[in-house]
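# Notes for the structure review
One letter stands for each residue in the lines below.
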There are 2 protein chains.
Amino acid sequence: MQAIHPVLDAIRFTADGLVPAIAQQHDTGEVLMMAWMTRETVAETLETGRVCYWSRSRGAPWRKGESSGQVQTLKAMRLDCDGDTLLLLVDQVGVACHTGRRSCFYREVRDGPDLVTIAAPEVDPAALYGTPGA
Amino acid sequence: MQAIHPVLDAIRFTADGLVPAIAQQHDTGEVLMMAWMTRETVAETLETGRVCYWSRSRGAPWRKGESSGQVQTLKAMRLDCDGDTLLLLVDQVGVACHTGRRSCFYREVRDGPDLVTIAAPEVDPAALYGTPGA
C-alpha cells in the first residue's frame, strides 16, 4: 500500500469520492467501457492487477468479471493532465459489456434519427450471468 | 435539429445536465481526452461536425480549438449500453492537451511511488494560447 499512496493522492476525486475510469484494450486500442472507481478500488486494482470498479447502483466494489468470468487484467494505469480521469489499459477476457458485446459503445449516430447497432453480441448474456454451477 | 432529437433523448444526462465524452483519434485508436457535454453541445457537435464540449469551470460551451486552433472534427459518435457515456471518434488537429501533448493521459503508474511522464510536449503551450495576432 505504502508505495501507491502518492499515486492515489494525485487523483482528484469528485465530492462523492469517485473518479471516471476508461477501459481500453491494451493491444487493439478498442475502448471497451467507462465506469467509476473510488480511492479504495483504485488501490485494490493496483495491488491485485485485476480491475475493480465501484458500482454506484449497488454502492459496493464491482470486481469486474467476478460473476461473469469476463475479468480485466490491468496492463497500465494512466492519469490525465488535471488528474480527474483514469485511463486503464487492460486485457479483457471475453466481452466487456453485459449485453455480450465486446465493447459497451455499440450504438452509433448515423444520418437517420435512430441509433444504429454496430456490433452483435459475441456471447449470450444469459450464459454470462447464469446460475452458479450451471 | 429535428433529426437528431431522438439521439439526444437516448442520452442519460446527470442531474447537472452533463454527459462524459471520451475523445479517441479515429484512425490510430489513441484516447486523447475526456470532457463533458450538455444536450446543447451534443446537438451543436452533431450539427457542425466540430466537437464542442461544456466547460464546467467557465459554465459555457467549450468549442475545442477555438483559441488554440487544435480543433476536433467529429468522425463518429457512439453511445454506451446504459446511455450515460459518449465515445467520440475524432480527427484531432495538432494536440488535444493544453500542455502541448497529443493526449491528456501522459502520466503513468509504474513500480515506483511517483507517476512517470510518458510523453513530451509536441507544441509549446505558450504558442497554443498566445496573444491573438502574435
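Note that this is a predicted model, so its numbers are computed, not measured.

What counts as what
Residues numbered from 1 in each chain as written. Chains lettered and ligands numbered in written order. Predicted model: local features only at pLDDT ≥ 70, side-chain atom pairs only at ≥ 80, totals over all residues. Heavy atoms only, no water. Pairing = 2+ DSSP bridges. Helix = DSSP H or I, 4+ residues; strand = E, 2+ residues; numbered from the N terminus. UniProt positions renumbered as here; feature names shortened; annotations may be inferred. Contact = heavy atoms within 4.5 Å. Buried < 20%, exposed > 50% of the residue type's maximum accessible area, 1.4 Å probe, protein only. Polar contact = N/O pair within 3.5 Å; in protein donor to acceptor, adjacent residues only side chain to side chain. Axes fitted to C-alpha atoms, helices over the stretch in contact; angles between N-to-C directions. Buried area = accessible area lost by both parts, 1.4 Å probe. Salt bridge = Lys/Arg side-chain N within 4 Å of Asp/Glu carboxyl O.

Here the focus is the pairing of strand E3 (residues 52-55) of chain A. Residue and element names in this part refer to chain A. Bridge analysis of E3 against strand E4 (residues 60-63) gives four bridges, and the strand direction is antiparallel. Across the sheet, the residue bridging to Trp54 is Pro61, located in E4. Where E3 folds back onto E4 in an antiparallel hairpin, the turn is made up of four residues, including Gly59, whose phi is positive at roughly 65°.

The next subject is the UniProt feature "binding site: Mg(2+)" (unreviewed entry) in chain A. UniProt tags Asp80(A), Asp82(A) and Asp84(A) as "binding site: Mg(2+)" (unreviewed entry). Along the chain, Asp80(A) falls in the loop between strand E5 (72-79) and strand E6 (86-92). Setting aside residues up to four positions removed in sequence, Asp80(A) forms contacts with Thr85(A), Cys104(B), Phe105(B) and Arg107(B). Inspection of the secondary structure puts Asp84(A) in the loop between E5 and E6. Apart from the residues within four sequence positions on either side, Asp84(A) is in contact with Arg12(A), Val19(A), Pro20(A) and Arg56(B).

All names here are of chain A. Along the chain, Gln25 falls in strand E1 (residues 19-25). For Gln25, a relative accessible area of 2% gives the class buried. A polar side-chain atom of Gln25 sits 3.0 Å from the main-chain amide nitrogen of Gln92. Side chain to side chain, Gln25 and Arg102 meet in a polar contact 3.0 Å long. Here Gln25 is in contact with Glu30, Leu32, Val90, Asp91, Gln92 and Arg102, once residues within four sequence places are set aside.

Once that is clear, we can look at the sheet that holds strand E7 (residues 107-109) of chain A. Strand order in this open sheet of six strands is E8(A)-E7(A)-E5(B)-E6(B)-E1(B)-E2(B), and the pairing throughout is mixed. Two strands lie at the open edges of the sheet, namely strand E8 (115-117) of chain A together with strand E2 (31-37) of chain B, each paired on one side alone. Here the average twist between neighbouring strands, direction ignored, is 35°. Across seven bridges, strand E5 (residues 72-79) of chain B lies against strand E6 (residues 86-92) of chain B in antiparallel orientation. Residue pairing in the sheet places Met77(B) in a bridge with Leu88(B) of E6(B).

This brings us to the interface of chain B and chain A. In this assembly, 38 residues from chain B lie in contact with 39 residues from chain A. Buried surface at the junction of chain B and chain A, summed over both partners, amounts to about 3,100 Å²; 66% is from carbon and sulfur atoms. In terms of surface lost to chain A, no three residues of chain B exceed Cys81(B), Phe105(B) and Arg107(B), which account for 21% of the buried area on that side. The interface formed by chain B and chain A includes four salt bridges. In this structure, the salt-bridge partner of Arg56(B) is Asp84(A), at a minimum N-O distance of 3.5 Å. Between the two partners, chain B and chain A, sit 14 residue pairs in polar contact (both at pLDDT 80 or more). Residue assignment for the side of chain B that touches chain A shows that the elements contributing at least two residues are helix H1 (5-10), strand E1 (19-25), E2, E5, E6 and strand E7 (107-109) of chain B.

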